[in-house]
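Chain by chain, the residues:
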Amino acid sequence: MIQTHARGHPSLAAVRAFEAAARLGSFTQAAEELCLTQSAVSRHVRTLEDWFAVALFTRRGRQVALTEAGREYFVRVSDGLGRIRDANDAMLARVRRQDQVTLSLLPSVAALWLSPSLPDFTARHPGIDLRIHASRALADLRRDGIDLAMRYGQGGWPGVEAEPLGFETLTPICTPALAVRHGITADPASLVGAPLLMDDIPGGWPSWLRAAGLDACGMTYGPRFDEGASLYRAAAAGAGVALGRSLLVARDLEEGRLVAPVALAVPALCAYWLVWAEGQAQTRASLALADWLRERMRQSSCCDVPTAPAPSAPPPHRRAWRTGP
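What this report covers is the structure whose coordinates are included nearby.

**Digging into the sheet that holds strand S5 (residues 148–153)**
Adjacent strands of a sheet form backbone hydrogen bonds with each other and so pair up, either parallel or antiparallel. The strand order S4-S3-S5-S10-S6-S9 describes an open sheet built from six strands, whose pairing is mixed. Each of the sheet's edge strands pairs with one partner strand only, and the pair in question is strand S4 (129–134) and strand S9 (242–245). Taking each pair of neighbouring strands and ignoring which way they run, the sheet shows an average axis angle of 25 degrees. Sheet analysis places strand S3 (residues 100–105) next to S5, joined by two bridges and oriented parallel. If you follow Ser-104 over to S5, its bridge partner there is Ala-149.

Below you can see the structure in the form of structure tokens.
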């Protein structure tokens, strides 16, 4: 006698047991996949058969095969469970996405400022999957999958929202031994004759030398670097005098590898900006990282941090230097 059911459905556990047994052609293998006993799988299948009042499998000893009704039911059930699995995977990806964040920044900033501070971030946010994209190229945030970027420039980048993080100063730095060897003192003129390591900082040495009242043509120049970490490592090795960006050389100065003997620091033409794609919704992880970057910048005594409310975007008329990701 066929049973009728006004409402309700068989349990999902029974349906999963049937689908696994039908797909694998074995109650034993289905039990292994579902971490059940063979008898539990058999009970689940029997529950379904009793519920529908129809045989779903034919049994010959240890061999099982789907009946015609079982084959029809399996096609529909496997499709439905596949949709459930897809939905579960999508939800897991969404949850993981909330806990993942990609930060783009210059290699020099990543190596000299961010990396030494990362233990603090990971200790505070052990569940966040932080990805670092260190490159001198100006990243396309949407195309490259970048959630946040620290850019070094004057603002005005199209397609992004930005807020100033901090402003730094530029001052000559070298090893204590090189300062003694070349007689470098607080007087800017004492730099005459010392090898100046060149860089690509906008303004750079020309701006500093003008502020110091020195003739750039009368200075001695050494190798030119296009990347800050290499520049400061060369200075720490005694290769010459580098123009130090206060944020990037703070640790070397604190630990005595480098000194700033000349008593003149000039404001950099560029600033650090926190940038994200225009209109992009921020995830839990990106919000946590943004707050941490602001806090770390405030704690950096070598940088001046804006005290006025940050604008949602930089003024459009300001020139944007392509020196940041």
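**Regarding the side chain of Glu-49**
Turning to its location among the elements, Glu-49 is positioned in helix H3 (residues 38–52). At a separation of 3.2 Å, a polar atom in the side chain of Glu-49 contacts the side chain of Arg-59. Contacts of Glu-49, omitting those with residues within four sequence positions, involve Val-54, Ala-55, Leu-56, Phe-57 and Arg-59.

**Brief notes about the packing of aromatic side chains**
In total, this model carries nine aromatic pairs according to the counting rule given. Their ring planes at 65 degrees and their centres at 5.5 Å tell us that Phe-18 and Phe-57 sit as a pair that is edge-to-face. Of the two residues, Phe-18 is situated in helix H1 (residues 12–24) and Phe-57 in strand S1 (residues 57–60); the sequence distance between them amounts to 39 residues. For Phe-18, a relative accessible area of 0% puts it in the buried group. Using a relative accessible area of 4% as the deciding quantity, one classes Phe-57 as buried. Measuring from ring centre to ring centre gives 5.3 Å for Phe-27 and Phe-57, while their planes differ by 85 degrees; the resulting arrangement is edge-to-face. Separated by 30 residues along the polypeptide, Phe-27 in helix H2 (residues 27–34) and Phe-57 in strand S1 bring together distant segments of the chain. Take Phe-27 and Phe-57: they sit in the same class, and that class is buried. Site record: aromatic cluster; members linked through ring pairs are Phe-18, Phe-27, Trp-51, Phe-52, Phe-57 and Tyr-73. Against the face of Tyr-152 rests Arg-245, its NZ or CZ located 3.8 Å from the ring centre.

**Section: the pairing of strand S8 (residues 220–224)**
On any regular strand, side chains alternate: one points to one face of the sheet, the next to the other face. As paired elements, strand S7 (residues 195–198) and S8 share three bridges and run parallel to each other. Bridge pairing in S8 places Leu-196 opposite Tyr-221. Taking the sense of rotation as the criterion, the β-α-β connection linking S7, helix H7 (residues 204–212) and S8 turns out right-handed.

**Comments concerning helix H5 (residues 107–124)**
Its 18 residues give H5 an end-to-end C-alpha distance of 24 Å, which sits within 8% of 26 Å, the value for a rise of 1.5 Å per residue. By the largest-angle criterion, Leu-114 marks the main kink of H5, which is about 55 degrees, and a proline, Pro-116, follows within four residues.

**Overview of the environment of Ile-184**
One can find Ile-184 in the loop between helix H6 (176–181) and S7. Expressed as a C-alpha distance, the spacing of Ile-184 and Ala-260, which sit 76 residues apart in the sequence, is 9.7 Å. Among residues more than four places away in sequence, those in contact with Ile-184 are Cys-174, Leu-178, Ala-179, Ser-190, Leu-191, Ala-194, Val-241, Pro-261 and Val-262.

**Notes on the packing of H1 against H3**
Here H1 crosses H3 at 110 degrees, and the two axes come no closer than 8 Å. Comparing their axes, H3 and H1 come out roughly perpendicular. Taking contact as the criterion, the partners of Ala-13, Ala-14, Val-15, Ala-17, Phe-18 and Ala-21 in H1 are, on H3, Val-41, His-44, Val-45 and Leu-48. A per-class count over the contact of H1 with H3 returns nine nonpolar, one polar and no charged.

Cut-offs and rules
- Residues numbered from 1 in each chain as written.
- Predicted model: local features only at pLDDT ≥ 70, side-chain atom pairs only at ≥ 80, totals over all residues.
- Heavy atoms only, no water.
- Pairing = 2+ DSSP bridges.
- Helix = DSSP H or I, 4+ residues; strand = E, 2+ residues; numbered from the N terminus.
- Axes fitted to C-alpha atoms, helices over the stretch in contact; angles between N-to-C directions.
- Polar contact = N/O pair within 3.5 Å; in protein donor to acceptor, adjacent residues only side chain to side chain.
- Contact = heavy atoms within 4.5 Å.
- Phe/Tyr/Trp six-rings, centres within 6.5 Å; stacked < 30°, edge-to-face > 60°.
- Buried < 20%, exposed > 50% of the residue type's maximum accessible area, 1.4 Å probe, protein only.
- Lys NZ or Arg CZ within 6 Å of the ring centre and 35° of its normal.
- Right-handed = clockwise from strand over helix to strand, strands pointing away.
- Expected span 1.5 Å × (residues − 1).
- Bend = angle between axes of the 7 residues up to and from the residue.
- Parallel < 35°, antiparallel > 145°, perpendicular 65-115°, else oblique.
- Nonpolar A, V, L, I, M, F, W, Y, C, P; charged D, E, K, R; others polar.

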